[in-house]
Amino acid sequence: MYWNKELECISEEQLKELQFQRLKNTVKMAYEKVPYYRKKFDEAGITPDDIKKLDDLRKIPFTSKADLREVYPFGMFASPLSEIVEIHMSSGTTGKPVVAGYTLNDIEIWGEVMARCLTMIGTTKNDIVQVAYGYGLFTGGFGVHYGARKIGCMIVPASAGNTRRQIEIMRDFGTTILACTPSYALYMAEVAQEMGIEPTTLKLKAGCFGAEMWTEAMRTEIEKRFGLNAYNIYGLTEIIGPGVAHECVEKKGFHVFEDHFIAEIIDPDTGDPLPEGKRGELVLTTITREGMPMLRFRTRDITSLIEGKCACGRTFNRIERIRGRTDDMIKVRGVMLFPYQIEQAILEVQGVEPHYQIVITRPQHLDEIEVMVEMSKETFSDEVKHIENLKKNLERRIEDIIGIRVKVTLVEPKTLPRSEGKAKRIIDKRSLNE
Amino acid sequence: MKIKQLSVFLENKRGRLYEALKALADEGINIRALSIADTSEFGILRMIVTDPEKAKETLEKNEFTVKLTNVTAMAVKDKPGGLAEALKYLYDANINIEYIYAFVEKSGEKAVVVLRTENLDKTISILQEKEIKLLSWDDVLAL
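One structure accompanies this document, and this report is about it. Predicted, not measured: the structure shown is a model, and the values here were computed from it. (Residues numbered from 1 in each chain as written. Chains lettered and ligands numbered in written order. Predicted model: local features only at pLDDT ≥ 70, side-chain atom pairs only at ≥ 80, totals over all residues.)

### Considerations on the overall build of chain A
Alright, step 1. Along chain A, the regular secondary structure elements total 11 helices and 21 strands.
Alright, step 2. Put simply, 67% of the contacts in chain A that link residues at least 6 apart link residues at least 24 apart. (Helix = DSSP H or I, 4+ residues; strand = E, 2+ residues; numbered from the N terminus. Contact = placed C-beta atoms within 7 Å.)

### Here we look at the overall build of chain B
Alright, step 1. Per the secondary structure count, chain B includes 5 helices and 7 strands.
Alright, step 2. For chain B, the N- to C-terminal ordering of α and β elements is β-α-β-β-α-β-α-β-β-α-β-α.
Alright, step 3. Counting across all 143 residues of chain B, residues that qualify as buried make up 29%.
Alright, step 4. In chain B, the share of contacts with a sequence separation of at least 24, taken over all contacts with a separation of at least 6, comes to 69%. (Buried ≥ 20, exposed ≤ 12 C-beta atoms within 10 Å, placed from the backbone.)

### Comments concerning the interface of chain A and chain B
Frequently, the measure chosen for interface size is the accessible area removed from exposure when the parts meet.
Alright, step 1. Contact residues are listed per partner, giving 13 residues for chain A and 15 residues for chain B.
Alright, step 2. Secondary structure elements with two or more residues in the side of chain A that touches chain B: α11 (384-402) and β20 (407-411) of chain A.
Alright, step 3. The element best represented in the side of chain A that touches chain B is β20(A), accounting for 3 residues.
Alright, step 4. Residue composition of the side of chain A that touches chain B, grouped by class: 7 nonpolar, 1 polar and 5 charged. (Nonpolar A, V, L, I, M, F, W, Y, C, P; charged D, E, K, R; others polar.)

### Here's the deal with the nonpolar core
Alright, step 1. Grouped together as the largest cluster of nonpolar side chains are 148 residues, with contacts concentrated most on A179(A), C208(A) and V244(A).
Alright, step 2. Broken down by element, this core gets its largest block of residues, 8 residues, from helix α5 (residues 104-120) of chain A. (Core = buried A, V, L, I, M, F, W, Y, C linked by C-beta atoms within 7 Å.)

### A look at the packing of helix α1 (residues 16-26) of chain B against helix α2 (residues 52-61) of chain B
All names here are of chain B.
Alright, step 1. Packing of α1 against α2 brings their axes to within 9 Å, and their N-to-C directions diverge by 125 degrees. It follows from the interaxial angle that α1 and α2 lie oblique. Here the hand of the crossing between α1 and α2 comes out right-handed. Across from A20, A23 and L24 in α1, the residues of α2 making contact are A55, T58 and L59.
Alright, step 2. In terms of residue class, the contact of α1 with α2 is built from 5 nonpolar, 1 polar and no charged. (Axes fitted to C-alpha atoms, helices over the stretch in contact; angles between N-to-C directions. Parallel < 35°, antiparallel > 145°, perpendicular 65-115°, else oblique. Left-handed = near helix turned anticlockwise from the far one by under 90°.)

### Here's the deal with the sheet that holds strand β3 (residues 128-131) of chain A
Residue and element names in this part refer to chain A.
Alright, step 1. One open sheet accounts for 9 strands, arranged β4-β3-β5-β6-β7-β8-β9-β14-β13; its pairing is mixed. One side of each edge strand has no neighbouring strand; the edge strands of this open sheet are β4 (154-156) and β13 (305-306).
Alright, step 2. In terms of strand pairing, strand β6 (residues 206-209) meets strand β7 (residues 229-236) through 4 bridges, oriented parallel. Paired with F209 across the two strands is N232, which belongs to β7.
Alright, step 3. Against the sheet, helix α6 (residues 140-151) makes contact with β3, β4, β5 (177-180), β6, β7 and β8 (241-247), and its axis sits at roughly 65 degrees relative to β8, the strand it touches most.
Alright, step 4. Its contacts with the sheet put helix α7 (residues 163-174) on β3 and β4, and the angle it makes with β3 is roughly 175 degrees. (Pairing = 2+ DSSP bridges.)

### What about unusual backbone geometry?
Residues and elements named next belong to chain A.
Alright, step 1. Cis rather than trans, the peptide bond between Y72 and P73 has omega equal to 0 degrees.
Alright, step 2. The residue P73 is located in the loop between α4 (65-70) and β1 (84-89) in this model.
Alright, step 3. Positive phi outside glycine occurs at S159, with the angle close to 60 degrees.
Alright, step 4. With respect to the helices and strands, the residue S159 is situated in the loop between β4 and α7.
Alright, step 5. Positive phi values are uncommon outside glycine, yet R296 reaches one of about 45 degrees.

### Thoughts on α2(B)
Every α-helix carries 3.6 residues per turn, so stepping three or four residues along brings you back to the same face.
Residues and elements named next belong to chain B.
Alright, step 1. Taken together, the buried positions of α2 are A55, T58 and L59. Each buried residue of α2 lies within a common arc of 95 degrees when the element is viewed along its axis, so the set occupies one face. Exposed residues pointing more than 90 degrees away from the buried face of α2 are listed as E53 and K61.
Alright, step 2. E63, located one to two residues past α2, shows a positive phi value of around 65 degrees. (Arc of directions from axis to C-beta.)

### Points about the pairing of β7(A)
All names here are of chain A.
Alright, step 1. Buried residues dominate β7, accounting for 7 of its 8 residues.
Alright, step 2. This β-α-β element, β6 to helix α9 (residues 216-226) to β7, shows right-handed connectivity.
Alright, step 3. Alignment of β7 against β8, held across 4 bridges, turns out to be antiparallel. Pairing of I233 across the sheet is with H246, part of β8.
Alright, step 4. Count of turn residues in the β7/β8 antiparallel hairpin: 4 residues. (Right-handed = clockwise from strand over helix to strand, strands pointing away.)

This is how it looks when you write it as structure tokens:
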């Protein structure tokens, strides 16, 4: 199902032409209205007139998260504050947060791309959409809300938290579409069971899950627990929020809405563009935003590009599942490591619930990784050797994947912290001032 | 002649054993036999209790991982060689023992041990053949 067939199935030539026209306008606006961009362009020795074809995009300098913090709060806005109708902010765990400003037209675009996302997974105006992403400065709640409203769905703006009530609502209202972080979905399944509500008896048919890294194995788990189809949504505050890209029913990559955003993959070290299929850092450029145009923003998300028409009929290029974040990467004994790798290992060793935490220590100048995994009812055996085998299998599988020996500790169920937003998977106890 | 044993996964953390036993005590569940298999990181508490189903439910409500396992309880002569004699039959039949522990109470003049082997059905038939007394659930409750 398409929300906007004409654009979602646009021909390559038409798309390139549209992108070029829109890019030119965006560059001109950014250069004229945002001193930050003007300075960057001047330093690089280019002007908007140098953008003569689509590929000239590569001449434009990158914009980093650090750049955005520097101009906090409104330095990146290209529209006067009187035209800004909404503000969102990314969680600033280090330093200042990033502020995003939206004009009325930006909000319109946000609703459009989110409506495409939801329609892509089968949502119609007859659906009941429960938005369990946080509403507030975080973009998740409002983004899905605007899309669902455009379609005309019945929206349940539950926001994140109050899990028991979420489940009662799902049961009593007959919610059909759930939008939340994947770790929260799993948590809800657990709470539902505690309440004596079998999650598969709920009417959920599809879920729009994102805002954190997750794995294919976690998808299988969520789908099994709820009996729904779980889809990936991708987005970020700096660009627009959720709705930059979404997975179609083929579940083979997320379509980037290229009439609004241009995606490139670069080598994070050199900044050089990488060919299709090669993993690197995703760089995004907005070509319709007015409030805060973003030119070649380095997302720090690791993925690759899938080109060509999809079986679903859409022509927009896809990105594969996000494979890590350049800043979530943990360097242990000099090796790059992503939490999803460990998660994959745990889920492959059958039966263990995907609740885990990675603790990194440096007891004697050498990094040690401990992975705490919750024991599940299904895998508990009353024989020591079986539990020790389980532990060994986990250790072996993790070592196979990451190439470093780890220590697995099996802990009692529900002893690791649960999250209602993003899961805290890594505890880094290494002291950097040794 | 199988009886139900309750097994509980315990992390090696202060107070976990107490919490498990307290939960059972609060429900008026009595423990007839008990053993702990311990490793450096975790322990498995194994018990024969008066009401296994209720005990399981109680512990699960208190966030413990619990499992009910079939074991057998045999009464052996309470004198040197009493247990060894019974185990000889299993040794001769090539049956490995997973674990074994004793009841506090005696059954008449006999000591009662809980036994789990790699093949419980075969174990039971061998012991019965050799006229080793195996306790029924009613026997266990009557101890």
